[in-house]
There are 2 protein chains.
Amino acid sequence: MTRNDEDPVALDALDRVTWALRRAELAVLALKEQRLRPLGMAAAHYTLMMSVHAEPGLTGAELARRLNVTPQAIASLVTRLEGRGLLERREHPRHRHVQELHLTPAGREALRAADAVIADVERHVTDDLGSDDTSELRALLNRVAKRAREA
Amino acid sequence: MTRNDEDPVALDALDRVTWALRRAELAVLALKEQRLRPLGMAAAHYTLMMSVHAEPGLTGAELARRLNVTPQAIASLVTRLEGRGLLERREHPRHRHVQELHLTPAGREALRAADAVIADVERHVTDDLGSDDTSELRALLNRVAKRAREA
DNA sequence: TGGTTACTATCAAACGCTTGATAAGAGCAA
DNA sequence: TTGCTCTTATCAAGCGTTTGATAGTAACCA
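Residues numbered from 1 in each chain as written. Chains lettered and ligands numbered in written order. Predicted model: local features only at pLDDT ≥ 70, side-chain atom pairs only at ≥ 80, totals over all residues. Heavy atoms only, no water.

Some remarks on helix H6 (residues 131–149) of chain A
In step 1: Taking 1.5 Å of rise per residue, the 19 residues of H6 of chain A would be expected to cover 27 Å, and the 27 Å separating its terminal C-alpha atoms lies within 8% of that figure.
In step 2: Considering only its buried residues, H6 of chain A is in contact with helix H1 (17–36) and helix H5 (105–129) of chain A together with helix H1 (17–36), helix H5 (105–129) and helix H6 (131–149) of chain B. (Helix = DSSP H or I, 4+ residues; strand = E, 2+ residues; numbered from the N terminus. Expected span 1.5 Å × (residues − 1). Contact = heavy atoms within 4.5 Å.)

So, in structure tokens, the structure goes:
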């Protein structure tokens with residue numbers, strides 16, 4: 001019991017793992033954005049394209065669920081990427097109203113360039129940790145994510 | 001070398017630590033937002049109030065730097081919280097143009113309630129990890145954050 | 001066959017944040 | 001003192017997102 005009426009909230013809140021998690025993610029994200037900027041690509045674009053690359057034919061709604069955003073946000077990004085010729089919408093073979101998303105060759109090339117940047121950031125972090133701690137960290141993070149989702 | 005012309009981007013990108021970091025943070029953040037909602041408080045409100053609680057008299061600009069957002073975003077949140085009577089702006093003793101931020105008694109009470117929710121989420125995660133792995137994870141995350149910032 | 005349900009896509013409005021620009025005060029140097 | 005610089009706060013406009021609502025399509029079932 002470390003709190004009293006004068007100080008209603010324990011200040012050790014700043015030592016919480018979920019805070020450390022947040023700050024680490026913010027720092028890494030900021031670094032990625034900074035490195036990606038010269039390529040004219042935002043982190044959100046990279047994430048979307050990588051998702052489509054990993055699972056071609058993904059639908060907008062499905063993508064929205066995976067990335068934890070609304071379908072409209074996806075549609076907005078897709079429209080922009082489609083306008084740049086990096087992504088294309090195709091009619092779903094069974095559902096005429098639904099559209100599949102696929103990368104164009106230019107999209108694959110842009111993704112390759114962006115991924116080189118991201119891989120570099122990853123390397124910068126893992127070089128510091130070493131391979132054992134990297135594996136350990138990944139395992140722990142996966143446990144946290146799983147636990148948070150099943151809450 | 002695991003890639004060829006057909007598959008320009010390695011799919012093991014999905015196993016990267018920085019991806020695991022992102023997903024864990026998203027999952028935890030979503031859980032916090034969900035639990036905080038019944039209290040009528042967003043995670044951003046909680047973060048801001050906790051920061052002010054930890055360092056009373058913080059200025060808007062300073063707060064903006066710590067939370068990685070613009071001063072306008074802070075001002076917007078502060079105006080709202082001030083309107084609800086949770087926060088107050090006071091004139092800085094030396095700089096008349098500058099204003100210090102302080103929690104009101106009602107603000108402290110609201111923060112206490114919100115922090116109970118956050119502490120519960122933290123406990124939910126750490127109960128699963130155990131105290132050794134929790135400490136380890138926290139240490140690793142701090143190393144990652146430091147490394148990313150000094151890039 | 002017709003009706004219900006579920007899922008997808010999209011439009012419109014509101015909200016929150018950012019970028020850019022403006023103004024006011026404090027500190028410092030000539 | 002005057003002038004320069006830094007910092008803070010705030011206004012205005014633009015962008016991206018969410019919430020809410022509408023329409024189209026397929027699957028299931030009475």
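Still more to cover.
A short note on the relation of the copies chain B and chain A
In step 1: Placing chain B over chain A gives an RMSD of 0.2 Å and needs a rotation angle of 179 degrees, together with 0.0 Å of translation along the axis. Classification of the inter-copy transformation places it as that of a two-fold axis.
In step 2: Of the residues that chain B buries at the interface, 100% are likewise interface residues in chain A, meaning the two copies contact each other through the same surface. (Least-squares fit on C-alpha atoms with pLDDT ≥ 70 in both.)

Some points on the side chain of Asp-115 of chain B
In step 1: Its place among the elements puts Asp-115 of chain B in helix H5.
In step 2: You can call Asp-115 of chain B buried: its relative accessible area is 4%. (Buried < 20%, exposed > 50% of the residue type's maximum accessible area, 1.4 Å probe, protein only.)

Describing the protein's contact with DNA strand D
In step 1: With respect to spatial proximity, 19 residues lie near DNA strand D, and among them Thr-70, Gln-72 and Ala-73 of chain A together with Ala-61 and Gln-72 of chain B are the closest.
In step 2: Sugar plus phosphate: this is where 74% of the atoms of DNA strand D within 4 Å of the protein reside.
In step 3: A distance of 2.5 Å separates a base oxygen of DNA strand D from a polar side-chain atom of Gln-72 of chain A.
In step 4: One of the side-chain nitrogen or oxygen atoms of Arg-89 of chain B is found 3.5 Å away from a phosphate oxygen of DNA strand D.
In step 5: Within the residue set of the surface near DNA strand D, elements represented by two or more residues are helix H4 (71–83) of chain A together with helix H3 (60–67) of chain B.
In step 6: The dominant element in the surface near DNA strand D, judged by the number of residues it contributes, is H4 of chain A, at 4 residues. (Near = heavy atom within 4 Å. Polar contact = N/O pair within 3.5 Å; in protein donor to acceptor, adjacent residues only side chain to side chain.)

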